[in-house]
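If you want the building blocks of each chain, they are given just below.
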Amino acid sequence: MALFDHFKKKGKNISSKTETASSSGLVDFHPFDTDLAPRVMEFVQEYQNRIPKQKLCGRDEFIALLSGIAALRKTPGIPGPDQISFTTLPRCASTEDEASCRAHLEQVFCITDQNSLLDFCQQEILCHQQYMDFVAFWEGRPPFELEKLNKQALEFFKTSRDFSAQFYHIIGHRGYLAWDISECVGHLRNGYACGLISRDDFDDLTEHWLGQTRIFDNWVDFAASLICGELYWDFRHGTELPELHKGLDLYLKLVSILLDSDTAWGSGMWYVPS
């Protein structure tokens, strides 16, 4: 709980830069003032002024684009964006590369097969449902009774909720969904690349995430949700200021690479599930 104590001691539970509950009609809405949200908003506004015209693309191209952040990470054994395009689903070129990729997945994420890959995504990545629980409280339709939580769980929930509140007027109900999509599809991409999962399984597992993209209108919407989700993920794992700003610096850079590239998100390529 040290992280939460840090924010409480700094008096960061009321934001002067974010719309307050009294003016928005939200309930129990107390955003942290970390100066993160204004930076994200500035980034979004910059790119909203130059959103490219949408161009329809194929399913495989879109899945590859959804995992653009994973492509920039250059996982061992998997061809990087300097070798293949952002719209291509990569495969390891040799058995040696497959072994290198599998060793990386096992050592870093404890992923050794399809089940452990899915368990990792479920237990370590997903954040959006937590955000939607916060939204339900802010909008006056709580999904459960806070009084039933023990003291530690209640403190954890309220602090996580108040940290997330600073992003509500940027991402709305899109929440942290792009973070979930980007990370899960990215890990599925890596599992497929090294043969850890079959192509049929890859297609089945990514179909869910394709459907989830309907909430986004363009890559700028997606980028904003992804960045806010990454900040929340870092926060939930104990990252404090100013390290949160350093994480934001990194993800603004990564997302800018994709949005500025006419072969990646800057192309305007988009897929509409049938």
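Refer to the structure printed above.
In short, a report on the structure. (Residues numbered from 1 in each chain as written. Predicted model: local features only at pLDDT ≥ 70, side-chain atom pairs only at ≥ 80, totals over all residues. Heavy atoms only, no water.)

1. Here we look at the overall build of the chain
Part 1 of the argument: Check the secondary structure of the chain and you find 14 helices and two strands.
Part 2 of the argument: The C-alpha radius of gyration computed for the chain amounts to 19 Å, which stays within 12% of the reference 19 Å derived for 274 residues, consistent with globular compactness.
Part 3 of the argument: Projected onto the principal axes, the alpha-carbon positions of the chain cover approximately 55 × 40 × 35 Å.
Part 4 of the argument: The buried share of the chain, reckoned over its 274 residues, is 51%.
Part 5 of the argument: In the chain, 77% of the contacts between residues at least 6 apart in sequence involve partners at least 24 apart.
Part 6 of the argument: Here the chain contributes 26 positively and 39 negatively charged side chains, and the mean placements of these two sets differ by 5 Å. (Helix = DSSP H or I, 4+ residues; strand = E, 2+ residues; numbered from the N terminus. Rg over C-alpha atoms; globule rule 2.2 N^0.38 Å. Buried < 20%, exposed > 50% of the residue type's maximum accessible area, 1.4 Å probe, protein only. Contact = heavy atoms within 4.5 Å. Lys, Arg positive; Asp, Glu negative; His and termini not counted. Charge placed at Lys NZ, Arg CZ, Asp CG, Glu CD.)

2. Brief notes about helix H8 (residues 128-138)
Part 1 of the argument: Every buried residue of H8 is listed here: His128, Tyr131, Phe134, Val135, Ala136, Phe137 and Trp138.
Part 2 of the argument: Following H8 by one or two positions, glycine 140 adopts a phi angle in the positive range, close to 80 degrees.

3. Let's talk about the side chain of serine 256
Part 1 of the argument: As for its placement among the helices and strands, serine 256 is situated in helix H14 (residues 243-260).
Part 2 of the argument: A relative accessible area of 15% means that serine 256 is categorised as buried.
Part 3 of the argument: With residues up to four places along the chain from it excluded, the contact list for serine 256 reads Phe43 and Tyr47.

4. A word on the packing of helix H11 (residues 177-193) against helix H12 (residues 199-212)
Part 1 of the argument: Taken N-terminus to C-terminus, the directions of H11 and H12 make an angle of 170 degrees; their axes are 10 Å apart at the nearest point. Between H11 and H12, the crossing angle belongs to the class labelled roughly antiparallel. Within the contact between the two elements, H11 uses Leu177, Asp180, Ile181, Cys184, Val185, Leu188, Arg189 and Tyr192 and H12 uses Arg199, Phe202, Leu205, Thr206, Trp209 and Gln212.
Part 2 of the argument: Looking at the contact of H11 with H12, its residues break down into nine nonpolar, two polar and three charged. (Axes fitted to C-alpha atoms, helices over the stretch in contact; angles between N-to-C directions. Parallel < 35°, antiparallel > 145°, perpendicular 65-115°, else oblique. Nonpolar A, V, L, I, M, F, W, Y, C, P; charged D, E, K, R; others polar.)

5. Describing the pattern of salt bridges
Part 1 of the argument: Summed over all chains, the structure comprises twelve salt bridges.
Part 2 of the argument: With its nearest N and O atoms 2.9 Å apart, the salt bridge here joins arginine 161 to aspartate 28. Here arginine 161 is found in helix H9 (residues 151-165), whereas its partner aspartate 28 is found in the loop between helix H2 (21-24) and helix H3 (36-48), with 133 residues between them in sequence.
Part 3 of the argument: The exposure class of arginine 161 is buried, given its relative accessible area of 2%. (Salt bridge = Lys/Arg side-chain N within 4 Å of Asp/Glu carboxyl O.)

6. Thoughts on the nonpolar core
Part 1 of the argument: Counting 84 residues, the largest nonpolar core has Trp138, Phe167, Trp219, Phe222, Leu259 and Trp265 as the members making the most contacts within it.
Part 2 of the argument: With eleven residues, helix H13 (residues 219-236) is the single largest residue contributor to this core. (Core = buried A, V, L, I, M, F, W, Y, C linked by side-chain atoms within 4.5 Å.)

7. Regarding the environment of tyrosine 232
Part 1 of the argument: By the element assignment, tyrosine 232 lies in helix H13.
Part 2 of the argument: Overall, tyrosine 232 belongs to the buried group, its relative accessible area being 0%.
Part 3 of the argument: Taking the C-alpha atoms as reference, tyrosine 232 lies 32 Å from serine 198; in sequence the two are 34 residues apart.
Part 4 of the argument: With residues up to four places along the chain from it excluded, the contact list for tyrosine 232 reads Cys127, Gln130, Phe134, Ser160, Phe163, Ser164 and Tyr176.

8. Here we look at unusual backbone geometry
Glycine aside, a negative phi is what most residues show, and trans is what most peptide bonds show.
Part 1 of the argument: A cis amide bond links leucine 241 with the next residue in sequence, proline 242, at an omega value of 5 degrees.
Part 2 of the argument: Locating proline 242 in the fold gives a position in the loop between H13 and H14.

9. Re the environment of cysteine 92
Part 1 of the argument: Relative to the elements of secondary structure, cysteine 92 occurs in the loop between helix H5 (68-73) and helix H6 (95-109).
Part 2 of the argument: Considered as a pair, cysteine 92 and arginine 39 are 53 residues apart in the sequence and their alpha carbons are 38 Å apart.
Part 3 of the argument: Once residues within four sequence positions are removed from consideration, cysteine 92 is found in contact with Gly77, Ile78, Asp97, Glu98, Cys101, Ala193 and Cys194.

10. So, the side chain of arginine 189
Part 1 of the argument: With respect to the secondary-structure elements, arginine 189 resides in helix H11.
Part 2 of the argument: Buried and unpaired, arginine 189 has no salt bridge, with aspartate 82 as the nearest side chain of opposite charge at 9.4 Å.
Part 3 of the argument: Reaching out from arginine 189, the side chain makes a polar contact with the side chain of asparagine 190 at a distance of 2.9 Å. (Polar contact = N/O pair within 3.5 Å; in protein donor to acceptor, adjacent residues only side chain to side chain.)

11. Re the packing of aromatic side chains
Part 1 of the argument: Using the criterion set out here, one finds 29 aromatic pairs in the structure.
Part 2 of the argument: Their ring planes at 70 degrees and their centres at 5.8 Å tell us that phenylalanine 29 and tyrosine 168 sit as a pair that is edge-to-face. Linking phenylalanine 29 in the loop between H2 and H3 with tyrosine 168 in helix H10 (residues 168-171), this pair joins segments that are 139 residues apart in sequence. For the pair formed by phenylalanine 29 and tyrosine 168, the shared burial category is buried.
Part 3 of the argument: An aromatic cluster is defined as three or more aromatic residues linked by ring pairs; in this entry it consists of Phe29, Tyr131, Phe134, Phe137, Trp138, Phe144, Phe157, Tyr168, Tyr176 and Tyr232. (Phe/Tyr/Trp six-rings, centres within 6.5 Å; stacked < 30°, edge-to-face > 60°.)

12. Points about the packing of H3 against H13
Between two packed helices, the angle of one axis relative to the other and the distance separating the axes together describe the packing.
Part 1 of the argument: Closest axis-to-axis distance for the H3/H13 pair is 10 Å, and the angle between their directions is 165 degrees. Taken together, H3 and H13 sit at an angle that is classed as roughly antiparallel. Pair H3 / H13 crosses with right-handed handedness. Judged by residue contacts, Leu36, Val40, Phe43, Val44, Tyr47 and Gln48 of H3 engage Val220, Ala224, Ile227, Cys228 and Leu231 from H13.
Part 2 of the argument: Here the contact of H3 with H13 is composed, by residue class, of ten nonpolar, one polar and no charged. (Left-handed = near helix turned anticlockwise from the far one by under 90°.)

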